[in-house]
Structure formats: C-alpha cells, structure tokens
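# Structural features, examined
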Amino acid sequence: MGRQTGTIVQQALDILLADPAILPLLKGNSREQIFQSIGAILSTPNKTHKAYLRITLDSGNVVRIPAYRIQHNDAIGPYKGGIRFHESVNEDEVSNLAALMTLKNALHDVPFGGGKGGVGINPRKYSERELYLICKKYVQYFTDILGPDKDIPAPDMGTGEREMDWMTAEYKSIHPGRPYLGSFTGKSIVSGGSLGRREATGKGVYFSFKYMLDHYIRSNLSTLETYNNPYLPIAKSYLNRPLTMAIQGFGNVGAVIAQEIFNDQSAQHSVVAVSDRNVTLFNENGLPIDKLLQYSADHSGELPTTAEACAEYHIDAHIQDREAVLYQEVDVLFLAALEEQIHERNVDQVKAKWIVEGANAPITGEADDVLAAKNVIVIPDILANAGGVIVSYFEWLQGKDTQFYSEEHVYELLYAKMQKTLDQVFPLFFSQNHQLRQSCYNHAVMKLSLVLYRQGKLY
Ligand code: NAD
C-alpha cells in the first residue's frame, strides 16, 4: 500500500479503535489485536500475479513485456479494477491502485473487492495489431484467475473499450459455452457494454460537487453551523452565486465535467480555463465549451494550440502553458488529468478554495496537508470519481441478466448510489473536523472491518 494510502488507513484504524460504538463487544487487548489484524490484511494484497507476455512485433522481433494482475481483497465480492497500459507500470503502483479499489468499492457499497492490472508499455508506440496481441496474451496468461465471479477488469489509463472488447472475445474463446459478458466491463455497446459508462465518471465528479453545495450544505445549514467547522465559511460564501471554474484534462473525464457545467445553465457557472497535455486555454469571461467540445471531437480529443486554430472554431481564448490551469484565480478547480499534479513545490501557487479530484491521486500527501491548513475543501478521488466503477457494476449486472438499461435509468441509478454515499460521509466531515478524504477512508475501513470480523477473518 502506498505511503499516503497506508497513513490514512492507519489513521482510520486508530479512530475506529477509539470509538466504542464500533465492534462494542471487543475490549482491551483483544480489541487492539483485532484492529492490528485489520491493518495487516488491508496493507497487503491477497495475491500478486506477474507474467512476461511473449509478443512477436510487426518487425518479427520477439519481446517479453511485464504484465501484472494484483488482487488486493475480495471480502466484499469478486476482485474489480482496471488494466493500465503505461510504461511506468510497476508492482508497487498496481498494488497501491488495487488497494484503493478495495476502499472505493467498500465506500460506495459496490459488491466488489479490489484489484488492478497493468502492462508496462507506452501504447502509442505499438501498432493496432501488436496491441491486439498484447490484449489476447494478457487474457491467456491470467485466464485462470479472471472471470465474472472471480476478477473483473475494466479500462484504465491507456486502455478503452477497444481493448476490453478484444479481451472479452479472448476470454469467450478460451471458455466456450460459459457466460462471458460479465468478464470485463467498459466494453463497447455492441459488445454488451452499458449506455452511460463513458460519461459516468465525469458526471459523477460534477454531481459530487453540485450535491455537496446545492443540496447538502443548503438544506442542512443551520445544523452545520453548530459544528464550528473551519471549512463551512468557504462553502457558505459559494452559495447563491455563479462560480468560476477551471478544469485540468479534457479527456473522458474532463470533457464530460465541462459538458455538465455547460448544461447546468441555471447555475450560470463559467469555465474560465481548460487544459490538456499541450496547452491551457483561458478567458476570464468564460470559454465557449460547446465549441471546444466540437474542436476536440474533430481533432482526436486535443484542444487547439494556436490562435489560428481557435479562430477557425470561433473560440475566444488566451493560449497559456499547460500548467497555468492549476494557478488560476477561480472558485473551483477540477483535476482530471494525471497523478501528482499538485505537490509540495507548486501548492502555494494554487488559488482555488475548492478542488474536486476526477483523476486518481492528483494531489500528493504533502500538498494535501498544505491545502487543509488553508481550509481548502478537497472532494477526494475515492468519493468523486467512483462513477466509472459504479456503472461498471451496472454493466456487470446487465451482462449477467442480458437485460439492458436505458441511458436515463443508468444515470438515475448512478446518482442514487452516489447520493447515498455522500449523505453518509458529509455529516462525518462537517461534525468531526477531519479532511473529507479521511472521513471517506474511515467509512470504507469501518465497512471492511465489520465484514472481515463477521467473516471470522480476524482471529
Ligand atoms: P484521458 O486519457 O481520456 O484524458 C486525459 C487528459 O489529460 C487528456 O486531455 C490529456 O491531454 C490530459 N493530460 C495528459 N497529460 C497531461 C499533463 N501532463 N498535463 C495536463 N494534462 C494532461 O483519461 P481519462 O479517462 O479522462 O482519465 C483522467 C484521469 O481520471 C486519470 O487519472 C484516470 O485514472 C482517472 N479516472 C478515470 C476514470 C474513467 O472512467 N475514465 C475513472 C476513474 C478515474
């Protein structure tokens, strides 16, 4: 388990140990022993699988590519988590992401455990045929441990519905006659995917912010004022006014967040900055999101990088360097690109008072502490970006039943599930003076602890 995740889980265990309402019959030494057992189980994966995939490249050369599937914990259900194709993939990173999946699923009451996979390649450097072979080989090497009731992968960085379709097809041909639609999620619609899966993460990210401000805080203001929570004055100052927003990343997650803000016209919020791997675009009066989405759709997901390209699509924007998005004078900053974007060295330049994590781990532990000291509200990844895995769960259910839902129904179910979690953790956050990230971990670890205890796994 990574350092930051390990520290937050340990803090959660200390808090639960001191709370007599959690496992009330356990006292004294036996109570401490049980909590140590929980720590030992959650800090290590159940199983680590590693293989070197043998691939014949288009050149005729044979290479061996490192591939992982790490199964962290299945106390709540079959392992579930994406497969990442990235050249920096290593055992520690995959293991940490698998642990995060265990916690994320527990937090949102998704009946899955946590797993993660990875292949150590830069997919941009491989042909389509080579990627197809890598996907097939991945399933062949790990076929015994995968399956709809064992371990269900999904897309992650560097993979998408194309790779999931290839992997599902390979699983199907290795296991003829067996149910296969639930073996992978994030498939294309024609291959048994779910409507709304692609949009689910971005929609969930915006929903987590919107629900916190416009529903939870607004409806519970008089109760919240009695808690003397240092974050509340900022939250109150955001009520009943249009807000300025910036979004880092304009891919699957970031572009959908932008679309959601654009569609939420009655709120009159404006997106003043967006960015991608090349550029930040800025306009203090608000960017034309519909035109940016059109440009991105016409240019393989990229934003315009020159004044001429902007002019062609009637986009009125200043072109800045790609990091500039992080330092804008805005009310809300959405992080939807990569890990570790706000860190010790740049955190002091961040001006937003409210940050929402669409990406996984975009803020380092050190930067998180600096932001907390300034009372910046951070809606963490584990809470905000779970829309993808929640709709993956609906895809798995639809595949098992071979009954498919309408897009509207998928979003209804998604928002209902997220709302249930938000209603559980927001009261903990406002009444207990922890960071919201800690409140979420406390809730997830409590759920896992109770399950492990009831299953007799702690003694
Ligand atoms: P994506 O590849 O579709 O988009 C990533 C975006 O980030 C692109 O606009 C890219 O240009 C930009 N980017 C890349 N490098 C950058 C850099 N150095 N600086 C600024 N921008 C950069 O990916 P995505 O699916 O939108 O995922 C974004 C993040 O959200 C990832 O961290 C991913 O793990 C996380 N996430 C995604 C999902 C999902 O369902 N897609 C679910 C949970 C978490």
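The structure presented is a predicted model; accordingly, all values stated were derived computationally and were not measured.

Within the protein, the secondary structure is distributed over 16 helices and 12 strands. The C-alpha atoms of the protein give a radius of gyration of 22 Å, which matches the 23 Å a tight globule of 459 residues would have. Along the first, second and third principal axes, the C-alpha set of the protein runs to 70 × 60 × 45 Å. Looking at the 459 residues of the protein, the share that counts as buried comes to 57%.

In this section: the pairing of strand β3 (residues 79-85). On a regular strand, one side chain projects to one face of the sheet and the next to the other, so that they alternate. With respect to burial, β3 is a largely interior element, 7 of its 7 residues being buried. In this structure, β3 lies alongside strand β5 (residues 151-155), joined through 5 bridges in parallel fashion. What sits directly across from K80, in β5, is I152. Bridging between β3 and strand β4 (residues 114-119) involves 3 bridges; their strand directions are parallel. Paired with I83 across the bridge in β4 is G117. Crossover connection from β3 via helix α3 (residues 91-107) to parallel β4: handedness right-handed.

One ladder, built from 10 bridges, connects strand β1 (residues 47-56) with strand β2 (residues 62-73); its direction is antiparallel. Residue pairing across strands places Y52 opposite P66, the latter belonging to β2. Counting the residues between successive antiparallel strands, the hairpin from β1 to β2 contains 5 residues, one of them, G60, with a positive phi of roughly 100°.

Spatially, β9-β8-β7-β6-β10-β11-β12 is the arrangement adopted by the 7 strands of the open sheet, whose pairing is mixed. Of all strands in the sheet, those with a lone pairing partner are β9 (318-320) and β12 (377-379), marking the two edges. With strand direction ignored, the average angle separating the axes of adjacent strands in the sheet is 20°. Examined bridge by bridge, strand β6 (residues 244-248) and strand β7 (residues 270-275) share 5 bridges and lie parallel to one another. Bridge pairing links Q248 to S275 in β7.

Moving on: the layout of surface pockets. It is the rolling of a water-molecule-sized probe over the atoms that shows where space remains empty. Considered as a void within the structure, the second largest pocket measures approximately 550 Å³ in volume. Lining the second largest pocket we find 25 residues, and of these Q4, N96, E339, E340 and A361 sit closest to its centre. Mapped onto the lining of the second largest pocket, the elements with two or more residues apiece are α1 (3-17), α3, α12 (365-373) and α16 (436-454). Along the lines of polarity and charge, the residues of the lining of the second largest pocket split into 8 nonpolar, 9 polar and 8 charged.

Frequently, the measure chosen for interface size is the accessible area that the parts lose on association. The domains assigned to the protein are domain 1 (1-44 + 436-459), domain 2 (46-195) and domain 3 (199-375). The centre of domain 1, based on its C-alpha atoms, is set 34 Å off from the matching centre of domain 3. In this assembly, 4 residues from domain 1 lie in contact with 7 residues from domain 3. Summed over both partners, the interface of domain 1 with domain 3 comes to about 390 Å²; 28% of that surface belongs to carbon and sulfur atoms. As a salt-bridge pair, D368 and R437 come within 2.7 Å of each other at their nearest N and O atoms. Joining domain 1 to domain 3, the criterion identifies 2 residue pairs in polar contact (both at pLDDT 80 or more).

The largest bend along helix α6 (residues 197-219) reaches roughly 40° and is located at Y211. Of all the 23 residues making up α6, 18 are buried; the element is thus mostly covered by neighbouring parts of the structure.

By size, the foremost hydrophobic cluster in this structure holds 99 residues, and its most contacted members are F209, M212, I217, F334 and W354. When residues of this core are assigned to their parent elements, the largest contribution, 10 residues, is made by α6. Ignoring any residue separated from it by four or fewer positions in sequence, one finds W354 in contact with F209, M212, L213, I217, A235, Y238, D331, V332, L333, V376, I377 and I379.

Under the counting rule described, the total for this entry stands at 2 cavities of 30 Å³ or more. Taken as a whole, the largest cavity holds about 70 Å³ of empty space. Every residue lining the largest cavity is listed: Y231, D368, L371, A372, V376, I377, V378, F429, Q435, L436 and R437. A total of 3 residues in the lining of the largest cavity trace back to one element, the largest contributor, which is α12. Residues of the lining of the largest cavity, tallied by class, amount to 8 nonpolar, 1 polar and 2 charged. Taken as a whole, the second largest cavity encloses approximately 50 Å³ of empty space. Lining of the second largest cavity is provided by L97, L100, M101, K104, K116, N360 and D381.

What counts and what doesn't
Residues numbered from 1 in each chain as written. Predicted model: local features only at pLDDT ≥ 70, side-chain atom pairs only at ≥ 80, totals over all residues. Heavy atoms only, no water. Helix = DSSP H or I, 4+ residues; strand = E, 2+ residues; numbered from the N terminus. Rg over C-alpha atoms; globule rule 2.2 N^0.38 Å. Buried < 20%, exposed > 50% of the residue type's maximum accessible area, 1.4 Å probe, protein only. Pairing = 2+ DSSP bridges. Right-handed = clockwise from strand over helix to strand, strands pointing away. Axes fitted to C-alpha atoms, helices over the stretch in contact; angles between N-to-C directions. 1 Å grid on protein atoms, 1.4 Å probe; cavity = no way out; pocket = protein on both sides within 12 Å on 5 of 7 lines; lining within 4 Å. Points joined across faces, edges and corners; volume = space filled by probe spheres on them. Nonpolar A, V, L, I, M, F, W, Y, C, P; charged D, E, K, R; others polar. Domains from an automatic or database assignment. Contact = heavy atoms within 4.5 Å. Buried area = accessible area lost by both parts, 1.4 Å probe. Salt bridge = Lys/Arg side-chain N within 4 Å of Asp/Glu carboxyl O. Polar contact = N/O pair within 3.5 Å; in protein donor to acceptor, adjacent residues only side chain to side chain. Bend = angle between axes of the 7 residues up to and from the residue. Core = buried A, V, L, I, M, F, W, Y, C linked by side-chain atoms within 4.5 Å.

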